[in-house]
Amino acid sequence: MGNVRVESKVSLVIYAMGALGGIISGVLSANANLGYIAGLLLYLLTPKVIKATIKDLPGELQDDNVLLRKSFWGFLLFWFYFTILVYNIVLPQQPVFYSNQSLLYNATKG
């Protein structure tokens, strides 16, 4: 693991933070505003975590604004994926029958 590039380490931390933010947002999805706030706070915390975990950052990645700009899409995609995944696992999904003539109603209720 000694010859892993710094960019790969940064990407891995960004994806891990996005996944963590998505899991937390998915659990808090009963109140959507809390999930959004948790995701935003973890996104804003990402540069601090990157600087704390990766010691050999090049000069251009020392700035928080550069790290936020470079981590936006990776964090957003992982956050969104894990939010939807956890939301669908945690909350019970019940079909809603809008008509007693529907195929689903007839298959389940006879």
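Coordinates for the structure precede this section.
None of these values were measured; they are calculated from a predicted model.

1. A closer look at the nonpolar core
Then step 1. In terms of nonpolar packing, the biggest core is built from 16 residues, with Val10, Ile50, Ile54, Leu57, Leu61 and Phe75 touching the most fellow members.
Then step 2. Of all the elements in the fold, those that place two or more residues in this core are helix H1 (6-27), helix H2 (32-53) and helix H3 (64-90).

2. So, the packing of aromatic side chains
Then step 1. Evaluation of the coordinates by the stated rule reveals seven aromatic pairs.
Then step 2. Between the aromatic rings of Tyr43 and Phe75, the centroid separation amounts to 5.4 Å while the plane-to-plane angle is 50°, which identifies the pairing as tilted. Taken as a pair, Tyr43 in helix H2 and Phe75 in helix H3 lie far apart in primary sequence, 32 residues in all.
Then step 3. With centroids separated by 6.3 Å and ring planes inclined at 25°, the aromatic side chains of Phe78 and Phe82 adopt a geometry described as stacked.

3. Focus on a nonpolar patch on the surface
Then step 1. A surface patch of nonpolar side chains, amounting to about 580 Å² of accessible area, comprises Ile23, Val27, Tyr81, Leu85, Ile89 and Val90.
Then step 2. Of all the secondary structure elements, the ones that give two or more residues to the nonpolar patch are H1 and H3.
Then step 3. With four residues, the single largest contributor to the nonpolar patch is H3.
Then step 4. Relative to the elements of secondary structure, Leu85 occurs in helix H3.
Then step 5. Assessed through its relative accessible area of 35%, Leu85 is described here as partly exposed.

Conventions we followed
- Residues numbered from 1 in each chain as written.
- Predicted model: local features only at pLDDT ≥ 70, side-chain atom pairs only at ≥ 80, totals over all residues.
- Heavy atoms only, no water.
- Core = buried A, V, L, I, M, F, W, Y, C linked by side-chain atoms within 4.5 Å.
- Buried < 20%, exposed > 50% of the residue type's maximum accessible area, 1.4 Å probe, protein only.
- Helix = DSSP H or I, 4+ residues; strand = E, 2+ residues; numbered from the N terminus.
- Phe/Tyr/Trp six-rings, centres within 6.5 Å; stacked < 30°, edge-to-face > 60°.
- Patch = residues over 30% accessible without salt bridge, like charges linked within 9 Å, V, L, I, M, F, W, Y side chains within 5 Å.
- Areas by Shrake-Rupley, 256 points an atom, 1.4 Å probe, with all protein chains shown as cover.
- Salt bridge = Lys/Arg side-chain N within 4 Å of Asp/Glu carboxyl O.

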